[in-house]
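# Commentary on secondary and tertiary structure
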Amino acid sequence: MENIKNCIVTLKNGKSYFVIEEVSDNFDIYNLILNVEDEKDVKIVMQEVIDGKVVLSDVKDLLNISYLKGRFRTKIEEDRENLR
């Protein structure tokens, strides 16, 4: 899979998002993305490759979102500690 962390991506809805972080879980890759025009618009998406293109799909399962929030929080805290 392609690493798109720290890139700006455009979704089908035409909105641009900054990819803040990436985590892997059971061979799936998830991204935490932030709308570049509206900082209140934050999403967790799953990254897939379809027909050779990277496609981001919203994660809608509330239990999975809750689990992934914890994973992203831990990853960001670890990255911050490594910068010290």
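Read on for a plain summary of the structure. (Residues numbered from 1 in each chain as written. Predicted model: local features only at pLDDT ≥ 70, side-chain atom pairs only at ≥ 80, totals over all residues. Heavy atoms only, no water.)

As defined by bridge partners, strand 4 (residues 42-50) adjoins strand 5 (residues 53-58) across six bridges and the pair is classed as antiparallel. Residue pairing across strands places Ile50 opposite Lys53, the latter belonging to strand 5. If you look at the hairpin formed by strand 4 and strand 5, you'll find two residues sitting between the two strands, and Asp51 has a positive phi there, around 55°. (Pairing = 2+ DSSP bridges. Helix = DSSP H or I, 4+ residues; strand = E, 2+ residues; numbered from the N terminus.)

Overall, antiparallel pairing links the five strands, which are arranged 1-2-3-4-5 in an open sheet. Across the chains shown, the open sheet's two edge strands, defined by having one partner strand only, are strand 1 (8-10) and strand 5. This sheet shows a mean twist of 45° between the axes of neighbouring strands, independent of strand direction. Two elements, strand 1 and strand 2 (residues 16-25), share three bridges in a ladder whose sense is antiparallel. Each bridged residue has a counterpart across the sheet, and for Ile8 the counterpart in strand 2 is Phe18. Its contacts with the sheet place helix 1 (residues 62-83) against strand 2, strand 3 (28-35) and strand 4, and it is angled at close to 95° to strand 2. (Axes fitted to C-alpha atoms, helices over the stretch in contact; angles between N-to-C directions. Contact = heavy atoms within 4.5 Å.)

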